Amino acid sequence: MRNHATYPFFQCYFAELRDSSPAPGVSEKPQIVGFAYGFHGAPGQWWHDVVLRALAEQSGREVANAWLGNAFELAEIHVHPDYQSKGIGRAMIRTLCAGRRERTAVLSTHDRPTAARRLYASMGFRDLLTRFVFPGGFEEYVIAGRPLPLA
């Protein structure tokens, strides 16, 4: 994942929990409760190429290019379990996608009913590929996408 930071238009955000009233003389130490990052997807990037090929095989090259030809790839979105369902993931996704010039936002997540899957659906992401297994893997994923900008 270290290479992701070298990809075009990489952005990363952390969600911090801060003590709003630290004791006098005590320095405030923020606690990281989430992080998210993404970048412009492009040919030559592993995830981009694998997903583009699979989507083209399933739905045709035109559909694949419409979704991935100018896409912001949300690569990682994580919120500590104790802080999930409090709007943190939604806020990080909105912040990441704000002002992006790409046509779409795309991501992958486990293909089962999870909090993350419900969050993405509530934000307008729709399934592009389901039961997708990445090369060398065994777990099933869903590839989801939505047009930008976010409403």
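Criteria and thresholds
- Residues numbered from 1 in each chain as written.
- Predicted model: local features only at pLDDT ≥ 70, side-chain atom pairs only at ≥ 80, totals over all residues.
- Heavy atoms only, no water.
- Salt bridge = Lys/Arg side-chain N within 4 Å of Asp/Glu carboxyl O.
- Buried < 20%, exposed > 50% of the residue type's maximum accessible area, 1.4 Å probe, protein only.
- Helix = DSSP H or I, 4+ residues; strand = E, 2+ residues; numbered from the N terminus.
- Polar contact = N/O pair within 3.5 Å; in protein donor to acceptor, adjacent residues only side chain to side chain.
- Contact = heavy atoms within 4.5 Å.
- Phe/Tyr/Trp six-rings, centres within 6.5 Å; stacked < 30°, edge-to-face > 60°.

Examining the pattern of salt bridges
On inspection of all chains with the given rule, the structure shows four salt bridges. Measuring nitrogen to oxygen at the nearest pair gives 2.7 Å for the salt bridge that ties Arg100 to Glu102. Both residues of the pair, Arg100 and Glu102, count as buried. The partner of Glu140 in a salt bridge is Arg131, and the shortest N-O contact between them spans 3.3 Å.

Thoughts on the side chain of Arg100
Summarising the element assignment, Arg100 is placed in the loop between helix H3 (88-97) and strand E4 (104-110). Using a relative accessible area of 14% as the deciding quantity, one classes Arg100 as buried. Of the polar contacts made by the side chain of Arg100, one reaches the side chain of Gln11; its length is 2.6 Å. For Arg100, the contacting residues outside a window of four places in its chain are Phe9, Gln11, Phe39, His40, Phe72 and Leu148.

A word on the packing of aromatic side chains
Summed over the entire model, instances satisfying the criterion amount to seven aromatic pairs. With centroids separated by 5.3 Å and ring planes inclined at 45 degrees, the aromatic side chains of Phe10 and Tyr37 adopt a geometry described as tilted. Separated by 27 residues along the polypeptide, Phe10 in the segment before strand E1 (11-17) and Tyr37 in strand E2 (residues 31-40) bring together distant segments of the chain. The class for Phe10 is partly exposed, based on a relative accessible area of 28%. On the numbers, 4.8 Å between centres and 85 degrees between planes, the contact of Phe132 with Phe134 is edge-to-face. The pair Phe132 / Phe134 is uniform in exposure class, with both members buried.

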